[in-house]
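# A closer look at the structure
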Amino acid sequence: MLSRVANNLIWMNRYMARGNGILALLKVNFYANQDSPELFSWTPVIKNFASSETEFYTEDAIECIDYMIFETGNDNSIINIVTRARENARSVQEHISRESWLCINNYYLFVTNNNLRQRLKEEDPIRLLEELLGHHLMFYGTNDIMQERGPAYYFMNVGRYLERVILISDFTTLKLKEISEATDDLEKGLYWRNLLLVVGGYQKYLKTYKSSFNEDQIVDLIFRDKLFPRSVYYCINKLNRHITELIEAGELGNNNLQFLLGKLESSIKYTTIENIKDQGLQNFVDGIKQDIGDISENINSVYYTPIN
């Protein structure tokens with residue numbers, strides 16, 4: 001497979017995973033902001049997940065959601081993310097299923113509809129956010145059902161799980177900053193609950209622990225759980241498997257990748273809650289971000305620059 005093709009497959013799924021994560025954050029923050037605007041401000045969301053050069057400041061929920069979805073001047077707006085995902089998908093149509101291409105193309109046509117921006121101002125914003133999230137779920141489901149197993153599928157999933165680990169780390173860092181400024185345990189509990197909702201682990205937590213929001217249990221679920229599809233360990237494990245498939249198929253040079261992935265997977269698997277507490281959760285997260293950055297750089301060094 002040409003390196004250009006592999007690169008576009010990776011970035012197609014990275015963009016789709018990024019869009020899914022940002023939409024989940026917007027949805028959760030909207031609900032939380034309606035209940036406790038003094039605790040769940042929009043400023044950290046814009047500061048951390050809009051493009052770095054942005055100068056957009058407001059606490060109006062609709063304006064913030066509008067900016068994060070439709071503003072073409074914001075590199076991380078949904079409309080820009082979907083456009084880039086579509087451009088990458090269009091260049092590799094012969095390597096992905098027809099249904100996967102239609103999912104992304106239909107999503108692009110939906111989000112660029114001239115009436116959609118007005119709907120945000122006139123209707124419940126949650127309805128629109130859920131419709132947008134639905135396109136991501138359709139894309140993931142279609143890929144799992146229709147995409148043949150082979151190099152294209154493995155490269156797509158490398159992008160998916162790579163971006164997911166980055167997002168989980170970024171979301172955790174955002175919440176840890178808010179938790180550090182909390183005045184009591186009740187506030188901290190609200191922030192931990194918010195983090196669980198953003199990463200999709202709220203129901204799993206309640207079913208597993210049946211308790212109030214305990215920091216150690218939440219950290220264990222989000223970072224070390226072997227069966228939770230959005231835990232860091234699960235994502236690293238899947239990433240390792242897909243990279244191994246590609247290396248064994250001769251589609252990807254090892255280039256130290258297996259060592260880096262195996263080291264990160266083992267460090268998470270065998271790190272205890274006590275070890276994490278000793279080094280500090282933020283330091284633990286920073287270590288993961290550093291390692292995943294090295295892995296991403298190692299992968300990207302093989303390919304051309306993604307379509308922007």
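### Quick notes on the overall build of the protein chain
Each helix and strand counted, the protein chain has 15 helices and zero strands in total. Compactness check: the protein chain gives a C-alpha radius of gyration of 19 Å against a globular reference of 19 Å for 308 residues, within 12% of the reference. Projected onto the principal axes, the alpha-carbon positions of the protein chain cover approximately 55 × 50 × 35 Å. Counting across all 308 residues of the protein chain, residues that qualify as buried make up 53%. If you average the places of the 32 positive and of the 41 negative side-chain charges in the protein chain, the two averages end up 5 Å apart.

### Quick look at the side chain of Asp 220
By the secondary structure assignment, Asp 220 is in helix H11 (residues 215-224). In terms of polar contacts, Asp 220 uses its side chain to reach the side chain of Tyr 209, at 3.4 Å. Residue contacts for Asp 220: discarding those within four places in its chain leaves Tyr 209, Asp 225 and Ile 273.

### Focus on the nonpolar core
Core analysis: the largest hydrophobic core is formed by 105 residues, its most contacted members being Leu 9, Leu 26, Phe 223, Ile 243 and Leu 281. Looking at this core element by element, the count peaks at 16 residues for helix H1 (residues 3-35). Look past the residues within four positions of Ile 243 in its chain and what remains in contact with it is Val 158, Leu 252, Leu 257, Leu 261 and Ile 299.

The rules behind these values
- Residues numbered from 1 in each chain as written.
- Predicted model: local features only at pLDDT ≥ 70, side-chain atom pairs only at ≥ 80, totals over all residues.
- Heavy atoms only, no water.
- Helix = DSSP H or I, 4+ residues; strand = E, 2+ residues; numbered from the N terminus.
- Rg over C-alpha atoms; globule rule 2.2 N^0.38 Å.
- Buried < 20%, exposed > 50% of the residue type's maximum accessible area, 1.4 Å probe, protein only.
- Lys, Arg positive; Asp, Glu negative; His and termini not counted.
- Charge placed at Lys NZ, Arg CZ, Asp CG, Glu CD.
- Polar contact = N/O pair within 3.5 Å; in protein donor to acceptor, adjacent residues only side chain to side chain.
- Contact = heavy atoms within 4.5 Å.
- Core = buried A, V, L, I, M, F, W, Y, C linked by side-chain atoms within 4.5 Å.

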